[in-house]
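Structure assessment
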Amino acid sequence: MTGKLYLCATPIGNLEDITLRVLRTLREVDLIAAEDTRNSIKLLNHFQIQTPMSSYHEYNKIEKAYQLAEKIKKGTNIALITDAGTPGISDPGEELVRICQEAGITVTALPGPAACITGLTVSGLPARRFCFEAFLPRDKKQRGRILEGLKSETRTILLYEAPHHLTQTLKDLYETLGDRQLSLCRELTKKHEEMMRTTLKEACGYYKEQQPRGEYVLVIKGKSYEEIEEQQQKEWCSLSFEEHMLYYEKKGISHKEAMRMVAKDRGISKRDVYQALLDLP
């Protein structure tokens, strides 16, 4: 019989956050695939779990995934764990899941801690709609592309960052997004857990004086629809009326309809647009 892949969420700091179902599964499976066996052995020893482990990480995630999938097809039950949190979120687990799904292997998730959701729920920022970007790329071009895409994001934005990169990331966010409300969550569920409600500008100043410590979740308020409309209106108003009309007429839109659209873009009446066009030299 074919085995199964179990995605087992593990604590992000406090060992008491592990579920009874995860503990039972880790004891019952044939093999545990761990992102870092040196880290995971501490968890297994704490709960007296003696199941064999195999290393599955960023640098072997494709080749090893196929090997693990073959084992599962032959009847081996495997639990996947990450260093902390839910497998597949900002870690190589997503590749193993994809390869198993393509092979027709049953994949089941055992829910539990995730730093991004934990940070969101304590942030005090809107949680109904959010986007998760994990760690921003270190590559300058890719990083810039993602930051530009976030400028008009209306959902709450969630990011991860390591202490040695935090200062630069805050600077990049402030320069690209402008000043935004920020909840800076540090060492969640651990002894020195801290959540600071601030702004991107204030956080940049704070960490010029203070050394970042621990792992961070950044929860950033999205842009309001009113702010986006105001920005768009400013961009339209930077055009002359003639240029604005031409923009639509080049698309095959009638002169009358183009006037209506220009009026809407600028937040003025159609009569004002008509008059402005009459006044052109």
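The coordinates are above.
We now turn to the structure provided with this report. Just so it is clear, the model here is predicted, and its values are computed rather than measured.

1. Topic: the side chain of Thr154
Position of Thr154 among the secondary structure elements: in the loop between helix H6 (140-150) and strand E7 (156-161). Polar side-chain contacts of Thr154 include one of 3.3 Å to the side chain of Arg129. Thr154 has contacts with Arg129, Gly222, Lys223, Tyr225 and Ile228, leaving out every residue within four places of it along the chain.

2. Regarding the pairing of strand E1 (residues 4-8)
The buried fraction of E1 is high, at 4 of 5 residues. Bridge count for E1 against strand E5 (residues 106-110) is 5 bridges, and the pairing is parallel. Bridging across to E5, Leu7 finds its partner in Ala109. Where E1 and strand E4 (residues 78-81) come together, 3 bridges link them in parallel fashion. Of the residues in E4, the one forming a bridge with Leu5 is Ile78.

3. Topic: helix H2 (residues 37-46)
Every buried residue of H2 is listed here: Ser40, Leu43 and Leu44. Seen along its axis, H2 keeps its buried residues to an arc of 95°; they face one direction. Away from its buried face by more than 90 degrees, H2 exposes Arg38, Lys42 and Asn45. Buried positions along H2 lie against helix H1 (20-28), strand E2 (31-34), strand E3 (53-55) and E4. With a side-chain oxygen lying 3.0 Å from the backbone nitrogen of Arg38, the N-terminal cap of H2 falls on Asp36. Two residues or fewer after H2 comes Gln48, characterised by a positive phi angle close to 55°.

Rules used throughout
- Each chain has its residues counted from 1, running along the sequence as written.
- The predicted nature of this model means local features are confined to residues of pLDDT at least 70 and side-chain atom pairs, given and counted, to a pLDDT of 80 or more, with totals for whole chains, interfaces and linings taken over all residues.
- Just so you know, side-chain values use all the structure's heavy atoms and leave hydrogens and water out.
- Secondary structure elements are taken from DSSP: a helix is a run of H or I of four residues or more, a strand is a run of E of two residues or more, and numbering for both begins at the N terminus.
- Nitrogen and oxygen atoms within 3.5 Å of one another constitute a polar contact, given that in protein one can donate a hydrogen and the other can accept it, and given that sequence-neighbouring residues count only through two side-chain atoms.
- Note on definitions: a residue-residue contact is assigned when non-hydrogen atoms from the two residues lie within 4.5 Å.
- Buried, partly exposed and exposed residues are distinguished by accessible area as a fraction of the type maximum, computed with a 1.4 Å probe on protein chains only: under 20%, between the cut-offs, and over 50%, respectively.
- Strands qualify as paired when DSSP identifies two bridges or more between them.
- For this quantity, the arc is that covered by the directions from the helix axis to the C-beta atoms.

These figures capture arrangement, not role.
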